[in-house]
Amino acid sequence: MRRVLYIFILAFVGGALRGYFTLLSGNDHFIATIIINLVGAFVLAFITGAIPYLIEISNDLMTGLSVGLVGGFTTFSTFSFDSINLFLNHKIGIGLLYVLVSLIGGLILAHIGTKLGQSFENKEDQL
Amino acid sequence: MIESALIVGLGAAVGSLIRYGVTNGLKKMFTGFAFPVATFFINITGSFLLGLVNGQLPKNTFILAFSVAILGGYTTFSTYMNETVQLSTKKKVMSYAYYLLSAFIGILAALLGYMI
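Residues numbered from 1 in each chain as written. Chains lettered and ligands numbered in written order. Predicted model: local features only at pLDDT ≥ 70, side-chain atom pairs only at ≥ 80, totals over all residues. Heavy atoms only, no water.

1. Here we look at the overall build of chain B
Counted only if it meets this: Strands here mean DSSP runs of E at least two residues long; helices mean DSSP runs of H or I at least four residues long; both are numbered from the N terminus. Buried residues are those whose accessible area, probed at 1.4 Å on protein chains only, stays under 20% of the maximum for their type, while exposed residues exceed 50% and partly exposed ones sit between those limits. Here, two residues are considered to be in contact whenever any of their heavy atoms come within 4.5 Å of each other.
Across its full length, chain B holds 5 helices and 0 strands. In terms of principal-axis extent, the alpha carbons of chain B reach across some 45 × 30 × 25 Å. With 116 residues in all, chain B has 47% of them scored as buried. A fraction of 69% describes how many contacts in chain B between residues 6 or more apart in sequence connect residues 24 or more apart.

Below you can see the structure in the form of structure tokens.
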């Protein structure tokens, strides 16, 4: 039950942040979505690797942070719908750029986040 | 603007809980599968439904804004990327397949939902 509450509250925060940044960027909201998704891909990898080695944290709160905060912050559905919107409006170049930057950037950042997160694990091993 | 951000937050809270439930259910059904079936299913269905609500619901209404908010929280980009990275250390070909099929079918599903 505590886990459900953590997910709900933290996803509310993550979603509200996404909503705020998206609205702030106005007509260029797809740039906001790219940045949000790239930041989220990095943060999820980093926190799942690093946080358990930095502070004592319950599984419930860790799930709240990953599924709720970061999961609520990032979005896949807007990524796919934005893409078809750009293609249908004949903005083929921007559409392709949107898809490629999201996919390649997301993978690179998740990779960097994983490596950085693992460095905390390795530090603990050396102690 | 703050009100709109809070609507996105509330929708994301509801959507994330649905994702958590669906993920747990599918992981039980597909135990032993290395392929991330749950996130794949969630992102494809979420993309289809986002296309559908945008095509069917009247523009600039609360019901559309809230549906979009729920689907934004239901789907996830961060887990999709991280599962790809994790899978690539064990099953390279499967991780490429997951990575490319999610994006390709997700975009097609959004288009299909929007067109019908």
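Once you've had a look at it, read on.
2. Looking at the pattern of salt bridges
Residues and elements named next belong to chain A. How we decide: Each salt bridge in this description consists of a side-chain nitrogen of Lys or Arg and a carboxyl oxygen of Asp or Glu lying within 4 Å of one another.
A complete count under the given rule lists 1 salt bridge over all chains for this structure. Of the charged contacts in the structure, one is a salt bridge between Arg-3 and Asp-60, with a shortest N-O distance of 2.9 Å. Taken together, the residues Arg-3 in helix 1 (residues 2–24) and Asp-60 in helix 3 (residues 59–73) connect sequence positions 57 residues apart. Overall, Arg-3 belongs to the partly exposed group, its relative accessible area being 25%.

3. Focus on the packing of aromatic side chains
For any two aromatic rings, the description comes down to two numbers: the centre-to-centre distance and the angle of the planes. Spelled out, the test is: Classification of ring pairs rests on two measures: the distance between centres of Phe, Tyr or Trp rings, Trp counted by its six-membered ring, which must be within 6.5 Å, and the angle between planes, read as stacked under 30 degrees, edge-to-face over 60 and tilted in between.
A full pass over the atoms with the stated rule returns 16 aromatic pairs over all chains. Seen in terms of ring centroids, Phe-30 of chain B and Phe-33 of chain B are 5.1 Å apart; in terms of plane orientation they differ by 85°. Their pairing is edge-to-face. In this structure Phe-30 of chain B comes out as partly exposed when scored by relative accessible area, which is 27%. Counting every residue linked through ring pairs, the aromatic cluster contains Phe-30, Phe-76, Phe-79 and Tyr-98 of chain A together with Phe-35, Phe-40, Phe-77, Tyr-80, Tyr-98 and Tyr-99 of chain B.

4. Description of helix 4 (residues 77–88) of chain A
Residue and element names in this part refer to chain A. For clarity, the threshold we go by: Given the number of residues in a helix, its expected span is that number minus one, multiplied by 1.5 Å.
If you check helix 4, its first and last C-alpha atoms are 16 Å apart, about what 12 residues at 1.5 Å a residue would give, namely 16 Å. Of all the 12 residues making up helix 4, 9 are buried; the element is thus mostly covered by neighbouring parts of the structure. A positive backbone phi angle near 65° is found at His-90, which sits one or two residues after helix 4.

5. With respect to unusual backbone geometry
If a residue is not glycine, its phi is most likely negative; likewise, a peptide bond is most likely trans. Unusually for a residue other than glycine, His-90 of chain A sits at a positive phi of about 65°. If you trace the backbone, His-90 of chain A turns up in the loop between helix 4 and helix 5 (92–126). With phi around 55°, Asn-60 of chain B is a residue other than glycine that occupies positive phi space. By the secondary structure assignment, Asn-60 of chain B is in the loop between helix 2 (37–56) and helix 3 (62–74). Given the relative accessible area of 80%, Asn-60 of chain B is considered exposed.

6. Description of the interface of chain A and chain B
What counts here: Summed over both partners, the accessible area lost on bringing two parts together, with a 1.4 Å probe, is the buried area. Here a polar contact is taken to be a pair of N or O atoms separated by no more than 3.5 Å, where protein atoms must pair a possible hydrogen donor with a possible acceptor and residues adjacent in sequence count only if both atoms sit in side chains. Classification convention: Asp, Glu, Lys, Arg as charged; Ala, Val, Leu, Ile, Met, Phe, Trp, Tyr, Cys, Pro as nonpolar; all other residues, Gly among them, as polar.
Contacts between the two partners involve 44 residues from chain A and, on the opposite side, 43 residues from chain B. Contact between chain A and chain B buries roughly 3600 Å² in total, counting both sides, with carbon and sulfur atoms accounting for 78%. Counting every contact that joins chain A to chain B gives 13 residue pairs in polar contact (both at pLDDT 80 or more). Residue assignment for the side of chain A that touches chain B shows that the elements contributing at least two residues are helix 1, helix 2 (29–54), helix 3, helix 4 and helix 5 of chain A. A per-element tally of the side of chain A that touches chain B places helix 1 of chain A first, with 13 residues. Here the side of chain A that touches chain B is built from residues that sort into 24 nonpolar, 18 polar and 2 charged.

7. Some points on the environment of Thr-45 of chain B
Residue and element names in this part refer to chain B. Tracing the backbone through its elements, the reader meets Thr-45 in helix 2. Here Thr-45 falls in the partly exposed class, since its relative accessible area comes to 23%. As a C-alpha pair, Thr-45 and Tyr-74 span 29 residues in sequence and 9.7 Å in three-dimensional space.

8. A short note on the nonpolar core
Convention followed: The criterion is simple. A nonpolar core is a set of buried Ala, Val, Leu, Ile, Met, Phe, Trp, Tyr and Cys residues joined through side-chain atoms within 4.5 Å.
Counting residues in each nonpolar core, the largest one holds 32 residues, and the members touching the most others are Phe-79, Tyr-98 and Leu-103 of chain A together with Phe-77, Tyr-80 and Met-81 of chain B. Going through the elements one at a time, helix 2, helix 4 and helix 5 of chain A together with helix 2, helix 3, helix 4 (78–90) and helix 5 (92–115) of chain B are the ones with two or more residues in this core. Top contributing element to this core by residue count: helix 5 of chain B, with 6 residues. Apart from residues no more than four positions distant in its own chain, Tyr-98 of chain A is found in contact with Phe-30, Thr-33, Ile-34, Thr-78, Phe-79, Asp-82, Ser-83 and Leu-86 of chain A.

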